[in-house]
Amino acid sequence: MVGLILFFIHYICYWTMVSLYDNNVPDNDFNYAISSSLKNQLLYTLPSTVIFFNYYPIQYSNFLLSIGYIPVLIITSDCYFYITHRPLHTKWLYHLHKHHHTGSVCVAKSLDANGLEHLFGNLGSFIIGVILLWHFGYIINIYIIGSWVGFATINTCISHSNYQCHLDTGTHFLHHKYRQCNYGFGLYLMDRITGTFK
């Protein structure tokens, strides 16, 4: 049940952002992006979220302590996404990622991905910090996880808003424009370390 609630937090945040910021996207780009995103949400995000949170020990206590875990979630998410995203820009794997870079940059594009890329890259980057903390015996309060789901979803959507959202700094837009920079997301820590930040 918790996994289903977390999925709906993600789903509502995502489609709200699409409806707010994807008003002037060409129909062909928009229609393909929303069908691909919806497919990824229903075929990968929904079942993996329900299955994972069927096994994750749900806690309603330790709320304040769990707030302290948020930096771990942000840093691990950013680094993991860089590590899984950068190889997709090599000649060996770009065919799996190419469609994400075709057409207009828009919020609906944020989940427009190959199924494996979505499962291991997008969803993996969200959950890696939760798994890492769990491995070391730290269980995150479920309300903090719900907030993380909403925050991560909205942040990804903002970065694909094509400057339509005033919070969009354009950092990820430069990745779509040049394709050889800004592979991470959020703080772009790995990009800064490896010299690919622009």
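Residues numbered from 1 in each chain as written. Predicted model: local features only at pLDDT ≥ 70, side-chain atom pairs only at ≥ 80, totals over all residues. Heavy atoms only, no water.

Asks: I'd like to hear about the overall build of the chain, residue by residue, with values.
Replies: If you tally the helices and strands in the chain, you get nine helices and zero strands. Computed over its C-alpha atoms, the radius of gyration of the chain comes to 16 Å, within 12% of the 16 Å expected for a compact globule of 198 residues. Along the first, second and third principal axes, the C-alpha atoms of the chain reach 45 × 35 × 35 Å. For the chain, the proportion of its 198 residues judged to be buried stands at 47%. Partitioning the intrachain contacts of the chain with sequence separation of at least 6 by distance along the chain shows that 75% fall at a separation of at least 24. Just so you have it, the chain exposes about 10100 Å², and 67% of that area is on carbon and sulfur atoms. Side chains of the chain carry 9 positive and 8 negative charges; the gap between the two charge centres is 10 Å. (Helix = DSSP H or I, 4+ residues; strand = E, 2+ residues; numbered from the N terminus. Rg over C-alpha atoms; globule rule 2.2 N^0.38 Å. Buried < 20%, exposed > 50% of the residue type's maximum accessible area, 1.4 Å probe, protein only. Contact = heavy atoms within 4.5 Å. Areas by Shrake-Rupley, 256 points an atom, 1.4 Å probe, with all protein chains shown as cover. Lys, Arg positive; Asp, Glu negative; His and termini not counted. Charge placed at Lys NZ, Arg CZ, Asp CG, Glu CD.)

Asks: With reference to specific residues and values, describe the pattern of salt bridges.
Replies: In the structure shown here, the tally under the stated rule is one salt bridge. Two residues, Asp-112 and Lys-109, come together in a salt bridge whose shortest N-O distance is 2.9 Å. For the pair Asp-112 and Lys-109, one class covers both residues: buried. (Salt bridge = Lys/Arg side-chain N within 4 Å of Asp/Glu carboxyl O.)

Asks: Describe a nonpolar patch on the surface, listing the residues and the values that go with them.
Replies: There is a patch of nonpolar side chains on the surface, built from Met-1, Leu-4, Ile-5, Phe-8, Ile-12 and Val-50 and spanning about 580 Å² of accessible area. Broken down by element, the nonpolar patch gets its largest block of residues, four residues, from helix α1 (residues 2–21). Within the element layout of this structure, Met-1 appears in the segment before α1. (Patch = residues over 30% accessible without salt bridge, like charges linked within 9 Å, V, L, I, M, F, W, Y side chains within 5 Å.)

Asks: Lay out the packing of aromatic side chains in plain terms, naming residues and giving numbers.
Replies: This model, assessed by the stated rule, comprises 18 aromatic pairs. Taking 5.9 Å as the distance between ring centres and 80° as the angle between the ring planes, the aromatic pair formed by Tyr-82 and Tyr-183 counts as edge-to-face. Residue Tyr-82 is located in helix α4 (residues 70–85), and its partner Tyr-183 is located in the loop between α8 (171–178) and α9 (189–194); the two are separated by 101 residues in the primary sequence. There is no split in this pair, since Tyr-82 and Tyr-183 are both buried. Here the aromatic residues Phe-7, Phe-8, Tyr-11, Tyr-14 and Trp-15 are joined through ring pairs into a cluster of three or more. For the cation-ring pair, Arg-192 lies above Phe-197, with the distance from its terminal atom to the ring centre recorded as 4.0 Å. Over the aromatic face of Tyr-178 sits the side chain of Lys-198, whose NZ or CZ is 4.4 Å from the ring centroid. (Phe/Tyr/Trp six-rings, centres within 6.5 Å; stacked < 30°, edge-to-face > 60°. Lys NZ or Arg CZ within 6 Å of the ring centre and 35° of its normal.)

Asks: Summarise the packing of α1 against helix α7 (residues 142–159); cite the residues concerned and give the values.
Replies: Between α1 and α7, whose axes approach to 9 Å, the crossing angle comes to 25°. Accordingly, the angle class assigned to the pair α1 and α7 is roughly parallel. For the pair α1 and α7, the sense of crossing is right-handed. Contacts between α1 and α7 involve Val-2, Leu-6, Ile-9, His-10, Cys-13, Tyr-14 and Met-17 on the former and, on the latter, Ile-142, Ile-145, Gly-146, Val-149, Gly-150, Thr-153, Ile-154, Cys-157 and Ile-158. (Axes fitted to C-alpha atoms, helices over the stretch in contact; angles between N-to-C directions. Parallel < 35°, antiparallel > 145°, perpendicular 65-115°, else oblique. Left-handed = near helix turned anticlockwise from the far one by under 90°.)

Asks: Quick rundown of unusual backbone geometry? Include the residues and the values.
Replies: Notably, Tyr-163 is not glycine yet its phi reads approximately 65°, a positive angle. Within the secondary structure, Tyr-163 sits in the loop between α7 and α8.

Asks: Describe the environment of Gly-137, with residues and values.
Replies: Tracing the sequence through the fold places Gly-137 in the loop between α6 (115–135) and α7. Taking the C-alpha atoms as reference, Gly-137 lies 29 Å from Ile-193; in sequence the two are 56 residues apart.

Asks: Explain α6 residue by residue, including any values.
Replies: Here α6 is 21 residues long, yet its end C-alpha atoms lie only 26 Å apart, well below the 30 Å a rise of 1.5 Å per residue gives. Of the residues that open α6, the one with a side-chain oxygen 2.8 Å from the backbone nitrogen of Leu-116 is Asn-114. Just downstream of α6 lies Gly-137, where phi reads positive at about 90°. (Expected span 1.5 Å × (residues − 1). Polar contact = N/O pair within 3.5 Å; in protein donor to acceptor, adjacent residues only side chain to side chain.)

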